[in-house]
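Take a look at the letters that make up each chain.
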There are 2 protein chains.
Amino acid sequence: MVFLSGAPAPEEQALESNEGPLVRLHPRKLSQPFAKLSKASIRKDLVHQCQEKWRNATLDHFSYGDPTEKGEIATFPQRYFVCTNQWQRQAADGSTGPIFFYLGNEADVLLYLNNTGLMWESAPEFGAMLVFAEHRYYGESVPYGKNVRKHMRYLGAEQALADYAELIWEIKEEYDAHDSAVIGFGGSYGGMLASWMRLKYPHALDGAIAGSAPIWNFFGEVPPFDPGSFAKGVTYDASELAGSAPACADNVRDTWDLLRIYGGDDAGRKFLATGLGLCPSVPLSSEDDVAYLREWLGAAFDMMAMGNFPYPSAYITNGHGELPAFPVRVACTFVASDNLSDSELLAAMGKAVGVFYNHTGEAACLDPWAGTDPDSDHDGDWWDFQWCAEMLMPFSKDGVTDMFWSDPFNLEAAVAACQERWGVTPRPLWANTEWGGRRISAGSNIVFSNGLLDPWHA
Amino acid sequence: MVFLSGAPAPEEQALESNEGPLVRLHPRKLSQPFAKLSKASIRKDLVHQCQEKWRNATLDHFSYGDPTEKGEIATFPQRYFVCTNQWQRQAADGSTGPIFFYLGNEADVLLYLNNTGLMWESAPEFGAMLVFAEHRYYGESVPYGKNVRKHMRYLGAEQALADYAELIWEIKEEYDAHDSAVIGFGGSYGGMLASWMRLKYPHALDGAIAGSAPIWNFFGEVPPFDPGSFAKGVTYDASELAGSAPACADNVRDTWDLLRIYGGDDAGRKFLATGLGLCPSVPLSSEDDVAYLREWLGAAFDMMAMGNFPYPSAYITNGHGELPAFPVRVACTFVASDNLSDSELLAAMGKAVGVFYNHTGEAACLDPWAGTDPDSDHDGDWWDFQWCAEMLMPFSKDGVTDMFWSDPFNLEAAVAACQERWGVTPRPLWANTEWGGRRISAGSNIVFSNGLLDPWHA
């Protein structure tokens, strides 16, 4: 889905006030209610303009002759869509239309086919062929099928870019399009891939349009990257400057105090549950549960900020119904008043996060544990692997410059969690060494689009 | 050593005239008499200006969490030399001297430290720090020690570049040199690495000086690469245009006819052995042996052409004594006459290849099998692995446009040989897909130096 889920925060958290930690939690997964693409949301009018195709992708591009493979090259089936309706095979001047190539990121590629309007809208003008390539391990391009969890090691950005480089060559061969310019498109992690591919494979990609690509959120930047920038960005979206109610951020921040004050005993927790409008079945029976609840409430604002588009969109919900335009503003309308009583603030907060969790308006109550299914293989989990293995982005909150709580990034804890969850030891400097972070002045033909409302813009 | 040895030619050859094959040989290794760096040749005056240092390099940069590693990151000891005598830590204007970084290639890094005069000569003027980094698996930077042959899979150019990117970062940290420009140097395969690193890691390498780097000798070029260009280049060096005796190339070519004519029976083979001045112990007892002999004779010209410098040099011999200036010209002086009798031509050819094989002048006779030691791990073998695994360069000869014999490149045979020797299946298009071949117009600050006398210049 969206890759905030890579942060260790949801799984290893302290319920702290600014005065210090109250509770050290056991790791627990945050619910991911919209982690799977809604099949019902797929726009058949777009898909029907494309051919679904498959190729055999090399599993490991960078090491050779695994003894268990007995001299064969291990491959996996990779899916992609080619849409040639608008493609100008040969213009009057002999030129060939370009190829617009979406570099799939951490979800089913149909999500991007559905939501990358810029490609569909520009195709007629440029006479462009559209290609949507699925990222290895996501959607239906999964090596080892149901056993994939035991074989995660070949999931990585470098491997994915090599897949795309080979695919671009194959398409040029198949369509006799060696003269076509190839423009890469991608958003979020896909935007990182697009910009990195233009840097690393300029012979394959003639240009890149990279949306909301946080390519320098890594260790090793000089000067260092501010790990609090994401939380500050979310808070900015809840501010008057960004069009939200002036009291919004303060009210959100005050909610964490209520959780701390009331979270210590059963009566208080019942007050919290009732006030927020949680379902009667919700087991809010410990401080651990309250700490989880806090994560879940905060995550709603993270998600709405990442989907804070000026138009209604189902992108952030993976097609499970639309969020309204400017969802953070809408959420903030519920927590807009000064001088709310404790119960009023809780009720307001319940409605605010309901803009995300209950965007259909159909749920009678909220269940923070809904969608928590430890057995299902969610794409969000795969991103967590990538975060651990190759793209350790530090995240922190402070509750002062942002509307959350004090939660400094703990590298040691993050490393331990990655080892436990995936058996991989993060190399904190790797992403900066491999991709260059801010030092991309040698690159050309890369357009970065970063909305000021996007918390990744920092 | 030099990476012609990657060609399958020496191991799977047909003794052919232009009329067709005579014999299909069993694979056999060509001797590599100077494959190991001569320790005696190391220039202590240079080495003493440097510190020998070691680092732990990540064994596999691009896949994560090998289950056999139990969450640890497997590493190997990588050697490098840092020479700071001339380094301007801080100039009057506050600037810091650059780092000249040699990207080690397929040999002991001391060979390059010894022979890269350009770096040593330029260091004082630029106030440069010199770094010579050893390529993984070569010299003393060998993972798994004596068991390395069972663990070849992490030998590759991408892995090596990632090593260098990490090392550059570490050096900048250690010497507080984040403001220093880094210029990469490399020749031959090292020149390929230097130019590719500037393309793929422009944030780590600010420029590259790439000597004799055959970066487009791969399948997949549009228009296709001419696999005969190397043989033509060697032949050019033996031509009047390149300063050699006018009759040289024709005489060399005529030698192969003699091998075919006399190679079929014992009496003829004795005539060949005596004529060429081979040692009495040499077992020239079959057509197979004669085919091997032909390879060995031809290889002398390949090697001399690659080392056809205008000054005496021990580079091509790995420090085992110097070749004269323009060794091909010197060799050609022995085969300069027209109308040589068969025995005269053989004797002349023996002297010509002796410029390389007997450059010390100390051997009383020639032994084509000297230095053939199937048990020793020669660096040349490792290059053959890389050739098979990731950089399949086609080579061919035709005996018409070059002075050799008809030997078209046989992809199927090359693939089969790679599978047998290394258990790897070549991906012929990979190098072009990964590195871009000729399509490097997006690159900047890369100086390619290619002498016209260098057979790699084509």
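Residues numbered from 1 in each chain as written. Chains lettered and ligands numbered in written order. Predicted model: local features only at pLDDT ≥ 70, side-chain atom pairs only at ≥ 80, totals over all residues. Heavy atoms only, no water.

As annotated in an unreviewed UniProt entry, chain A is Lysosomal Pro-X carboxypeptidase from Edaphochlamys debaryana.

## Focus on the nonpolar core
In terms of nonpolar packing, the biggest core is built from 278 residues, with F301 of chain A together with F301 of chain B touching the most fellow members. When residues no more than four places from it in sequence are discounted, the contact partners of F301 of chain A are V234, V252, A331, M349, A352, V353, M403 and F404 of chain A. (Core = buried A, V, L, I, M, F, W, Y, C linked by side-chain atoms within 4.5 Å. Buried < 20%, exposed > 50% of the residue type's maximum accessible area, 1.4 Å probe, protein only. Contact = heavy atoms within 4.5 Å.)

## Focus on helix α3 (residues 117-126) of chain A
All names here are of chain A. Listed in full, the buried residues belonging to α3 are M119, W120, S122 and A123. For α3, the elements touching its buried residues are α1 (44-47), β4 (75-83), β5 (99-103), α2 (109-115), β6 (129-133) and β7 (182-187). Just downstream of α3, G127 is the residue with a positive phi angle, here 60°. (Helix = DSSP H or I, 4+ residues; strand = E, 2+ residues; numbered from the N terminus.)

## Focus: the relation of the copies chain A and chain B
Note on the identical chains: chain A maps onto chain B by a rotation of 180° and an axial translation of 0.0 Å, with an RMSD of 0.1 Å. The operation mapping one copy onto its partner corresponds to a two-fold rotation axis. Of the C-alpha atoms belonging to chain A, the one lying closest to the rotation axis is found on K200 of chain A, 2.4 Å away. With an isologous cut-off of 70% or more, the 100% of interface residues of chain A that recur at the interface of chain B puts this contact in the isologous class. (Least-squares fit on C-alpha atoms with pLDDT ≥ 70 in both.)

## What to know about the sheet that holds β6 of chain A
Residue and element names in this part refer to chain A. Overall, mixed pairing links the seven strands, which are arranged β3-β4-β6-β5-β7-β8-β11 in an open sheet. A single partner strand is all that each edge strand has here, and the edge strands are β3 (51-58) and β11 (446-449). Going from strand to strand, the sheet's axes swing by 20° on average, the running direction of each strand aside. Pairing geometry for β5 and β7, over four bridges, is parallel. The partner of Y102 across the bridge, within β7, is F185. Against the sheet, helix α4 (residues 157-174) contacts β3, β4, β5, β6 and β7, and its axis sits at roughly 125° relative to β3. (Pairing = 2+ DSSP bridges. Axes fitted to C-alpha atoms, helices over the stretch in contact; angles between N-to-C directions.)

## Concerning the interface of chain A and chain B
The interface of chain A with chain B comprises 49 residues on the first partner and 49 residues on the second. Between chain A and chain B lies a buried interface of about 4100 Å² when both sides are counted; carbon and sulfur atoms form 56% of it. In terms of surface lost to chain B, no three residues of chain A exceed Y64, R153 and H203 of chain A, which account for 21% of the buried area on that side. The shortest N-O distance in the salt bridge between R153 of chain A and D60 of chain B comes to 3.6 Å. The interface formed by chain A and chain B holds 21 residue pairs in polar contact (both at pLDDT 80 or more) in total. Going through the elements one at a time, α4, α5 (189-200), α12 (379-389) and α14 (430-435) of chain A are the ones with two or more residues in the side of chain A that touches chain B. The leading source of residues in the side of chain A that touches chain B is α4 of chain A, at six residues. Classifying every residue of the side of chain A that touches chain B gives 21 nonpolar, 16 polar and 12 charged. (Buried area = accessible area lost by both parts, 1.4 Å probe. Salt bridge = Lys/Arg side-chain N within 4 Å of Asp/Glu carboxyl O. Polar contact = N/O pair within 3.5 Å; in protein donor to acceptor, adjacent residues only side chain to side chain. Nonpolar A, V, L, I, M, F, W, Y, C, P; charged D, E, K, R; others polar.)

## Describing the environment of G436 of chain A
As for its position among the elements, G436 of chain A is in the loop between α14 and β11. With sequence-adjacent residues up to four places away left out, G436 of chain A is seen in contact with E221 and A431 of chain A together with H203 of chain B.

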